[in-house]
Amino acid sequence: MQDYLQIKEKFNSQINSVQDLNSLELLEQEYFSRKAGEITLLMRGLGDVPEEERKEKGQKINELKVAMVQSIESKRLELKENEYKKIIETESIDITQPNLPKHESGHLHPITLVQNQLEDLFTSMGFAIEDGPELESEYYNFTALNIPETHPARDTQDTFYIKDHAGWVMRTHTSSMQVRAMQSNDLPMRVIMPGRCYRNESTDARHEHTFYQLEGFVVDENISFANLKGILEVVAKNLYGPEAKIRLRPKFYPFVEPGVNGEVSCFLCESKGCRVCKQSGWLEIFGAGMIHPNVLSAGGIDAQKYQGFAFGLGLDRLVMLKYGIEDIRHFQGGDLRFLKQF
Amino acid sequence: MLISKKWLEDFLVLPKKIKSEDIGHDLTMKTVEVEKINNLAHSLQKVVVGVITKVEKHSNADTLKVCQVDAGKNYGQLQIVCGGMNLKENMKVALALVGAKVHWHGQDELFELAKVKLRGEESNGMICASDELGLEEMFPKQDEKEIMDLSYLDAKEGVLLSSALGLDDTIFDIDNKSMTHRSDLWGHYGIARELSAFYNIKLKPLNPKKISVGKNTKLTVEIKDSELCPRYLGLVVNNIKIEPSPDWMQKRLMAVGVRPINNVVDVTNYVMHEIGQPMHAFDAREILTKVGTDKNKKIVVQRAKDGETFKALDGKEYKLKLTDLVIADSQRTIALAGIMGGENSEIKNDTNTIIFESANFDAKTIRKTSTRLGLRTDSSTRFEKSLDRESAELAMRRAVELLQKISPDVKVASVLVDVYKKKLKANAIKLGEFDIAKKIGFNIPKIEIIRSLKSFGFTVAIKGKDLAVVPPSWRSERDIVSKEDVIEEVVRLYGYDKIPSSLPCLPIVVSRKNQSRTIERLLKNCLSMEFGYSEAHNYSFVAPGMIEKMGESTEKYIELDNPIAKDRPYIRRSLLTNLLENAEYNLHRFESIKLFEVGKVYILEEDGVLAEKGSKKHLPAQVVNLGVVLSQKNNVNPFFAMSEAIELALNKVGVLNIDFVYNTKSANLLHSGRGALVVSNGIELGFVGELNPIVQDKIGIPYRIAVCELSVANILKCVTEKSEYTPLSHFPSVERDIAFVVDKKIQHKDILKMINNFHELIESCELFDIYQSDKIGEDKKSMAYHIVYRSSSKTLEAKVVDDIHTKVLDSLKNNFSADIRE
């Protein structure tokens, strides 16, 4: 029993002075190692104890063992906690610092972003998307659209012509796709035709010889001007939120009759008048109208029976307004300082 | 075009409650766009007429003068310091008083004048140059330091400049482009007619008195081609004294931006701005006749002789063509019809007899000539819109009436010659209430329809359920020809804002899928969002210099006939032409550039879509490509970064089996040892590779650059929807690494294929290291692969794996002469 008490006393004083996990490990070994641990030896020595004492002694040793294990474990827990505390303190970082080296993310072109948004809107309403030639015949770009040879749009200052190929032009509008799309779709038709257009104009901050439009039309027996207004309102609200309003005023385009110019309430000043809307409260963003019967006929559609509307949005302008871009030439300047902002 | 509110008020009485802003708004919403409303009196507040009574040198400044200016009773004598070079005593000037707002030295912003001392001399306002008051168009400056000389004005000192100049008016600036189809709106009367319809107020008739003709002179007019000149009126007027027109007429003209010249010319301009009909006045003394008697005059309307030269009023000589229309006397051309008169028959100060011309010319002919010669005048701008041939006579009567009013002594010397061979008869257009409702989606009451059409001058007859509508002469030429045209008139007057909107009712249809667009978008998203590339958009036009630098000739390129940028006349055949320029440009600022573009390229020698349905002619092929460039400082071998991105992006869109095959086709463009064709299932998608260092050097790109160009149409052919899946195995894998040295020419693709196909228990094989060094030999490379063995039905024993692995090593030795490293 002497051993037993001595061990207990020694252990208790030792464990109180343990400062780290290593010393605790050594202490544990000292008493519990399989080969020479003091408790192990004590247990082993039980065989030599007379039968009548053995049970009691065994019990005592076991109680001691359980108590020791318990205090070792609680010491270990305490030491670990201290240690983690220290780790966490020393490992603390400046969480506002960026990852180094920096990950370079990519960027879609702003025209693509707005075009995608509109394509998604129109396809959700059952419109098909058509793509077509940018180098177009005069027939589809002009003649089929009821644009006679004397119309100013045919003057050389507006249209790019192709050398040695009379009758070829760079399309001046996506309306060139109207008759093509009529010829390849089934009635009733609802189609959008986004794409690039070209005008032979000198460029400055507001004018560009290459630009983007999104054209669309709907044709059926009873498609009306009121429907045109309805669709344009949907577009305006999609782009500028539920409060957006539209306003139509007469505008002449040879391929629509009546023809209108569409404006949307200025989202920057809520129609109060600002620099961007030139104090008018309205932003001009589309041209539209009821498709001219001559155009329907060119598209192989019975103009007596069917009617429809067409509209064209200037994408560059939409994007410039959305982000406040000051110079239209940035779009095709290929400058990463510009492209990385979107 | 400028429209004066006062002038409009000649023809209608506008109720007080209708403000200028309302007129501007309503014109914009119903007829044509009013770009600006300019209240001249408002902007010229506190600017008066002054008379300089004394000019003295400034004692402290060589360029300045000290003037005493009489500003009338209310303002008295004022001392003004001024730098004008044309200051004289007794000169009438525009005097801006303290508090006036001026454009200081012609700048855009307004500046409010205050009492100041200029180098010690007090100055109580400013003697203005025209650009300081925004009047530079009315008073063009000959010299930078020239002030406005108003000595010709009757106005007394102290009178407001705006009223002295007749500028106490409101001017509507109308966008010319918005009325190309409305020839009737090119004069005040046409605009007044619109307003009378808007506000339902009476339009005063414009019906000048009949001309009482004379018989002293005989005038004959011959029209050789009545298609080009449907009508021509000529009239000889004599006893004319050329002098300035009266104040009121000058003010009217100046208010709409026309410089007064003399009574005769001012009358023709006045009529043009009132009725929209251009006129011309010839000096009749200069009109030659065959007979040679002064009493007989002959005018011929004919085509120009090919190659003849004509000196116009602007003093310039023009070379004419057979397609041009001219006015001639019996011997010479005296005017370019509808565009400009000739110097040989110009009105001079001593002109005493004139011939007034009021005619109708073919719009297309005028347009073609004026465009070709670059000679656009107020007259040609109107004629090319197809004028009402009836208005020619109206204008003649008005001109005579006005001239007699301002110069009562003038006499009409001839009969009114009116050669009118081509009358236009407008057909009735039939339409019903229902037609309008169907087109508009809204019912406008019949009574309203009739009222609006009548107010625009249409004749409306009720024929049963329908209306028979005949447009007035001023809308019949090219403007109103169909039912739709009539409907527009009704609706715009009714108001587009009053038509309630509704969405179309259409059956639910799954719209036709645009596969190409889907693929384009996936590729764009994948390259930008996954691999950090930025999307560029570039012009379709490229420079010959770039084409040559890329080792190509311009022969195959489609060329613009009229390029805007003379240095970029060609249309691209590759997206890389511009992307490489982008790369060069951006590498001045960035150490790493990753760019792509999706766009069309134009291939002349391949057929595209038809030029017209049913024709056999094709447009050139225009295919959508994906172009990619990548260059990074310190990356001497960017090929792999590019090929990896391309392969994974293609996988994402559903192209699964991709091979890179040595590319000998693009040897000029690509580094011949680092270029590959991208192939899937035998279809060539395009190429990827590092740019040929020679090309890189020519373009001036500082680092190695990888490029890629793929055809979206070909990608589309290879797209399959992924529909495979391997169940997760329940059994552990055994993994082994091998490393060996082989000849540099041995391709990874072949090794991989051999190992993968070697045994069914080989689940996967991956290259994890590769290096080259002198130690292992210049033409050798060391490769290391990680092989995973696994069975789907049991746990593999090490011995089984070891057996297979040994055989793999043997096979590597035998097939590739691999030197296995232990």
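Residues numbered from 1 in each chain as written. Chains lettered and ligands numbered in written order. Predicted model: local features only at pLDDT ≥ 70, side-chain atom pairs only at ≥ 80, totals over all residues. Heavy atoms only, no water.

### Points about the overall build of chain B
- Summing up its helical and strand segments, chain B has 23 helices and 41 strands in all.
- Whereas a compact globule of 822 residues would reach a radius of gyration of roughly 28 Å, chain B reaches 41 Å, over 25% beyond that.
- For the C-alpha atoms alone, the extent of chain B along its principal axes is close to 130 × 85 × 60 Å.
- A buried classification covers 53% of the 822 residues belonging to chain B.
- For chain B, the exposed surface amounts to about 39,100 Å²; the carbon and sulfur share of it is 49%.
- Averaged over its 117 positive side-chain charges, chain B has a centre that lies 6 Å from the centre of its 115 negative ones. (Helix = DSSP H or I, 4+ residues; strand = E, 2+ residues; numbered from the N terminus. Rg over C-alpha atoms; globule rule 2.2 N^0.38 Å. Buried < 20%, exposed > 50% of the residue type's maximum accessible area, 1.4 Å probe, protein only. Areas by Shrake-Rupley, 256 points an atom, 1.4 Å probe, with all protein chains shown as cover. Lys, Arg positive; Asp, Glu negative; His and termini not counted. Charge placed at Lys NZ, Arg CZ, Asp CG, Glu CD.)

### Overview of the pattern of salt bridges
- What the rule picks out here adds up to 67 salt bridges over all chains.
- Of the charged contacts, one joins R512 of chain B and E130 of chain A as a salt bridge, the two residues approaching to 2.4 Å between their closest N and O atoms. Within this pair, whereas R512 of chain B is found in the loop between α15 (483–494) and α16 (515–530), its partner E130 of chain A is found in the loop between β1 (128–129) and β2 (135–137), the two belonging to separate chains.
- R512 of chain B gets classed as partly exposed once you look at its relative accessible area, which sits at 47%.
- Across the pair E274 of chain B and R398 of chain B runs a salt bridge whose closest N-O atoms are separated by 2.4 Å. (Salt bridge = Lys/Arg side-chain N within 4 Å of Asp/Glu carboxyl O.)

### Notes on the sheet that holds strand β33 (residues 618–632) of chain B
Residue and element names in this part refer to chain B.
- Within the open sheet, the seven strands sit side by side as β28-β32-β33-β37-β36-β35-β34. Their pairing is mixed. The two strands at the open ends of the sheet, each matched to only one other strand, are β28 (534–535) and β34 (659–662).
- With four bridges joining them, β34 and strand β35 (residues 670–680) adopt antiparallel strand pairing. Across the sheet, the residue bridging to F660 is V678, located in β35.
- Across the face of the sheet, helix α18 (residues 576–586) comes into contact with β32 (592–610), β33, β36 (683–691) and β37 (705–711) while running at roughly 160 degrees to β32. (Pairing = 2+ DSSP bridges. Contact = heavy atoms within 4.5 Å. Axes fitted to C-alpha atoms, helices over the stretch in contact; angles between N-to-C directions.)

### Describing the UniProt feature "binding site: Mg(2+)" (unreviewed entry) in chain A
- The feature "binding site: Mg(2+)" (unreviewed entry), as given by UniProt, occupies E257 of chain A in the numbering adopted here.
- Relative to the helices and strands, E257 of chain A is located in strand β7 (residues 256–265).
- Beyond its immediate sequence surroundings of up to four residues, E257 of chain A is in contact with M290 and H292 of chain A together with K439, E484, D485 and E488 of chain B. (UniProt positions renumbered as here; feature names shortened; annotations may be inferred.)

### Topic: the sheet that holds strand β6 (residues 92–97) of chain B
All names here are of chain B.
- Here we have five strands laid out as an open sheet, ordered β5-β4-β3-β6-β11, and antiparallel in their pairing. Whereas interior strands pair on both sides, the edge strands pair on one side only; in this sheet they are β5 (77–82) and β11 (125–127). Within the sheet, the average angular offset between the axes of one strand and its neighbour, ignoring direction, is 45 degrees.
- Pairing between strand β3 (residues 47–58) and β6: five bridges, direction antiparallel. Bridge pairing in β6 places V51 opposite K92.

### Focus: the domain arrangement of chain B
- Each assigned domain of chain B is listed here: domain 1 (2–41 + 170–199), domain 2 (45–164), domain 3 (218–420), domain 4 (429–496), domain 5 (515–718) and domain 6 (734–821).
- Look at where the C-alpha atoms of domain 2 of chain B and domain 6 of chain B centre, and you get two points 96 Å apart. (Domains from an automatic or database assignment.)

### Observations regarding empty space enclosed by the protein
- This structure, assessed with the given rule, holds two cavities of 30 Å³ or more.
- Empty space within the largest cavity amounts to approximately 350 Å³.
- As for the largest cavity, its lining consists of 22 residues, of which Q115 of chain A together with R517, E520, K524 and V598 of chain B are closest to the centre.
- Contributing elements (two or more residues each) for the lining of the largest cavity: α5 (110–124) and β4 (189–198) of chain A together with α16 and β32 of chain B.
- Top element by residues in the lining of the largest cavity is α5 of chain A. It accounts for five residues.
- Of the residues contributing to the lining of the largest cavity, the split by class is five nonpolar, six polar and 11 charged. (1 Å grid on protein atoms, 1.4 Å probe; cavity = no way out; pocket = protein on both sides within 12 Å on 5 of 7 lines; lining within 4 Å. Points joined across faces, edges and corners; volume = space filled by probe spheres on them. Nonpolar A, V, L, I, M, F, W, Y, C, P; charged D, E, K, R; others polar.)

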